[in-house]
Every structure is written in structure tokens, then in C-alpha cells.
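The residues making up each chain are set out below.
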Amino acid sequence: MQINTLYSNAVDGNRGAEDELFAHLLVSFRLFVQQRVQDSSDREEIVQDALMTIAAKYREIRFDTSFAAWAYRVLNNKVLDYFKTRGRHRAVESPIGDYDPGGRSWEPDPALKARLIDCLRKVNSAQHKHARILNLHYQGFSTAEICDRLKLTTNYFYVMLSRARAALERCLETGEID
């Protein structure tokens, strides 16, 4: 049966057609992604993500061309998102971190911790909100949670976070906030 016919039957409430539609899409999507992505676990994740997106939206959308074209466009977008994300992760990851020429491991600088604490105290005494934002952000609170807690707008939060980071950086470099 054609995929667009299965789609029409599934939208009309035929549970068997819906199961057959997604079974057909699963097999077809796996073949499509297999030709583009090497890692098998990533392939399966992309396929499942595309199927979840389609399952969530296919009943609400009426298609000008065809359901099949839309479904493959969703899958193609998921594959493109995968490559974009993978490219960003590769840019962030550094192979140098795994390289240890003399067998020495990294040792933290004890003076840095003392300077950091001293600078945080200086930032706190100069601008209490800056220190609070840095502290909450470091603890892993989301932007929305910090904004709710401190009664800030999102834009103002980012301005304050930028100023706080700049003050902390200046203090670590020069020992002074201003």
C-alpha cells in the first residue's frame, strides 16, 4: 500500500493503518539514514527522533503535496541537525587533552583557587547581584530559574551575567574589579 494512502487511513482513525504506516516509515527511514550516518546508535536515535516528531504532528497538518514528502523532509532535517551538532561537538572537543607527553597528570594551581575566592568576594562587595548571578549560574540553575528567583528579564540577566564575567576576569588578571 502507498504511504500516502496509509496516512489517509491513519488520519481517518484506522489503527491498523497507523501501525503499518509507522512500520513502513521505520524500515524506510533506517535505510535512508544508514546511507548518511556511520554510527549505528546515532542512526537509530535520528530515526526514532524523526518518528516521534511525525507521530506528534501528522494528524494536525494537512499537506499540499504529500505526507511522504513531508515525512522525508522531517527526517532530512533531523539528519542535518545531527551533522550540525556533531560539528559543534568536534570543535569543542580537544584531542590535546588526552595527550600527556611525560606521563604527568594535570595538577590544579592552589594559588588560582585563592585568587578566585578573593575575586568573588570583591565582585560581591562591589555588586551583590553580579556575584549572585555567577554563583547561581555556576550551580547549574537555568536562565529561567535565575530570572524567576532574582525577578529579572532574560535580556537583563544576560547583560548582568556578561558584566559579572567581565568583572571576574578583570579581577583575576589584574586583582582589581574596576
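Up top you'll find the structure we're talking about.
Residues numbered from 1 in each chain as written. Predicted model: local features only at pLDDT ≥ 70, side-chain atom pairs only at ≥ 80, totals over all residues. Heavy atoms only, no water.

This brings us to helix α7 (residues 143-150). Every buried residue of α7 is accounted for by Ile146, Cys147 and Leu150. When α7 is viewed along its axis, its buried side chains cluster within an angular range of 100 degrees and face the same direction. Buried residues along α7 sit against α6 (128-138) and α8 (154-174). Remark: lysine 151 follows α7 within two positions and exhibits a positive phi of approximately 55 degrees. (Buried < 20%, exposed > 50% of the residue type's maximum accessible area, 1.4 Å probe, protein only. Helix = DSSP H or I, 4+ residues; strand = E, 2+ residues; numbered from the N terminus. Arc of directions from axis to C-beta. Contact = heavy atoms within 4.5 Å.)

One broad rule of soluble globular proteins: the nonpolar side chains tend to lie buried together. Among the nonpolar cores identified, the biggest contains 26 residues, and Leu21, Leu25, Phe29, Val33, Ile54, Tyr58 and Phe67 are the most heavily contacted of them. The set of elements that each furnish at least two residues to this core consists of α1 (3-11), α2 (15-34), α3 (40-57) and α4 (67-92). When residues in this core are grouped by element, the largest group, 8 residues, is from α4. If sequence neighbours within four positions are ignored, phenylalanine 67 has contacts with Ile3, Asn4, Tyr7, Leu21, Leu25, Ile54 and Tyr58. Grouped together as the second largest cluster of nonpolar side chains are 18 residues, Phe157, Leu161, Cys171 and Ile177 included. (Core = buried A, V, L, I, M, F, W, Y, C linked by side-chain atoms within 4.5 Å.)

One simple way to see leftover space: roll a probe sized like a water molecule over the atoms. Looking at the largest pocket, its volume works out to about 330 Å³. Lining the largest pocket are Lys113, Leu116, Ile117, Leu120, Ala131, Leu134, Asn135, His137, Tyr138, Arg165 and Leu168. Mapped by element, the contributors of at least two residues to the lining of the largest pocket are α5 (110-126), α6 and α8. Sort the elements by how many residues they give to the lining of the largest pocket and α6 lands first, with 5 residues. Of the residues belonging to the lining of the largest pocket, the class tally is 7 nonpolar, 2 polar and 2 charged. (1 Å grid on protein atoms, 1.4 Å probe; cavity = no way out; pocket = protein on both sides within 12 Å on 5 of 7 lines; lining within 4 Å. Points joined across faces, edges and corners; volume = space filled by probe spheres on them. Nonpolar A, V, L, I, M, F, W, Y, C, P; charged D, E, K, R; others polar.)

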